[in-house]
Amino acid sequence: MTRQSLLDALQRLPYVELGAYPTPLHRLPNYEKKLNYKGVFIKRDDLTGLGPGGNKARSLEYIIGDALAKGCDTLITAGTVQSNLCTLLACACARYNLHCVLVHNNDAPVQSTGNLLLNNLLNTESIFFGNITKYERNDSMQAVAEKLAAQGRKPYIVHNGATSGLGALGYVRAALEIEHQCRQLQLPVYTIFVPGGNGGVATGLIYGNALLGHPFRIVVISTEYEKARLEQHIQTVIAQIEEALHIPFSHGLADSCEVIDDYYGGGWGQPTPQSEEAVLDFPRTEGIFLDRIYMSKLWAGMQDMIKRGKTKGCVCLLHTGGFGSLFGKLD
Ligand SMILES: *Cc1c(COP(=O)(O)O)cnc(C)c1O
């Protein structure tokens, strides 16, 4: 598999560019000193350039492309009021003149904060279903879509936090970008640390990296689930990518990444003492903010592995953003 044939396969699919690429990749000089470790880098996908930035810009490029190719005019997704996906979808819809409906499993807050405040600045329709489960939320989203269809709209549902084969393709593309960027800038990055929520970001990178011949070691720090469950998610998304690109992965997962579940604490949105410390220490050391849900756990894990001598060569933190949620309460 060559770089070009992977690019060709990606180029055959509907795609819209939502970010400004390549995002910067640079050293963290103060942490290099603090940790006495040569070669600590950061890939700034917090600066993808759409709305408050973050990984969801890349994930939505193939999803919006698919929706437009199918002639849809209304995008629907679900999340908590501080969902990064909801805000990024609202921004993407603004860019492509699509109607955006956001379904929240919260009560309507008395005062909007964080991402919800941003959503209110955009032209979105926010529906609050109160404290319902993820499953009930999906049913509600389906009902909303059916109602819109009955009104003559052509709705498109973005399922599962955009963690799907199409969403992950954004990170297959990002693997190509990072490999090219490291070669061009002669940055000797060896290990990339990525957050693992539902595993879409991680899977895209793992797949792209494997097809490029494993230029990087990929370490996935789970922010939500135990290892077996996250690996199962990754396997599912690999199969979806294979279906979209018609290129088999043909590697064992264990040969292509390491999934670490020592740092997720109580699960999604449940900070650990180390992740809370990272929320303060990282901006105070490098002037870059980390969110409470994903990045702070990723950095807590990455830093701990560096300190314990569990890393090899130059290491790189993939910053997936989440800036907007810092201005809101965690729920
Ligand atoms: C959604 C999100 C992730 C996790 O992505 P998955 O594909 O679900 O693993 C990581 N970081 C941020 C900031 C996110 O918004």
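Calculation criteria
Residues numbered from 1 in each chain as written. Predicted model: local features only at pLDDT ≥ 70, side-chain atom pairs only at ≥ 80, totals over all residues. Heavy atoms only, no water. Buried < 20%, exposed > 50% of the residue type's maximum accessible area, 1.4 Å probe, protein only. Helix = DSSP H or I, 4+ residues; strand = E, 2+ residues; numbered from the N terminus. Pairing = 2+ DSSP bridges. Right-handed = clockwise from strand over helix to strand, strands pointing away. Contact = heavy atoms within 4.5 Å. Near = heavy atom within 4 Å. Polar contact = N/O pair within 3.5 Å; in protein donor to acceptor, adjacent residues only side chain to side chain. 1 Å grid on protein atoms, 1.4 Å probe; cavity = no way out; pocket = protein on both sides within 12 Å on 5 of 7 lines; lining within 4 Å. Sits in = over half its atoms within 2 Å of the grid points. Nonpolar A, V, L, I, M, F, W, Y, C, P; charged D, E, K, R; others polar. Expected span 1.5 Å × (residues − 1). Bend = angle between axes of the 7 residues up to and from the residue.

**Student:** Can you help me understand the pairing of strand β4 (residues 99-104) in this one?
**Tutor:** In summary, the side chains of a regular strand alternate between the two faces of the sheet. Most of β4 sits out of view: 5 of its 6 residues are buried. Judged from the 6 bridges that link them, strand β3 (residues 74-79) and β4 form a sheet pairing that is parallel. By the bridge assignment for β4, Ile-76 is matched with Val-101. After leaving β3, the chain enters helix α4 (residues 84-95) and then returns to the sheet as β4, a path that is right-handed. Pairing geometry for β4 and strand β5 (residues 124-128), over 5 bridges, is parallel. Within β5, the residue paired with Val-103 across the bridge is Ile-127. Between the parallel pair β4 and β5, the chain is carried across by helix α5 (residues 114-121), and the sense of this crossover is right-handed.

**Student:** When you look at the side chain of Ser-275 in this model, what are you seeing that I'm missing?
**Tutor:** Tracing the backbone through its elements, the reader meets Ser-275 in helix α11 (residues 273-286). Apart from the residues within four sequence positions on either side, Ser-275 is in contact with Ser-296, Lys-297 and Ala-300.

**Student:** Where do I start with the site of the ligand in this structure?
**Tutor:** Close to the ligand lie 15 residues, the nearest being Lys-56, Asn-84, Gly-197, Gly-200 and Thr-320. A distance of 2.8 Å is found between an oxygen atom of the ligand and a backbone nitrogen or oxygen belonging to Gly-197. Counting atoms within 2 Å of the grid points, the majority share of the ligand lands in the largest pocket. Going through the elements one at a time, β7 (189-196) and α8 (200-211) are the ones with two or more residues in the shell around the ligand. Among the residues making up the shell around the ligand, the classes are represented as 3 nonpolar, 11 polar and 1 charged.

**Student:** Mind showing me how you'd approach the pairing of strand β2 (residues 40-44) here?
**Tutor:** A large share of β2 lies buried, amounting to 5 of its 5 residues. In β2, alternate side chains face the same way, and those of Val-40, Ile-42 and Arg-44 on one face and Phe-41 and Lys-43 on the other are all buried. The sheet contact formed by strand β1 (residues 25-27) and β2 spans 3 bridges and is antiparallel. Opposite His-26, over in β2, you have Ile-42 as the bridge partner. When β2 meets strand β10 (residues 314-319), the two strands line up parallel, connected through 5 bridges.

**Student:** Can you help me understand helix α3 (residues 56-69) in this one?
**Tutor:** The terminal C-alpha atoms of α3 lie 20 Å apart, and with 14 residues this matches the ideal 20 Å at 1.5 Å per residue to within 8%. Along its length, α3 shows its largest kink, about 25°, at Tyr-62. Lining the buried residues of α3 we find α1 (3-11), β2, β3, α4, β6 (155-158) and α7 (165-184). Once α3 finishes, Gly-71 follows within two positions and takes phi at roughly 75°, a positive value.

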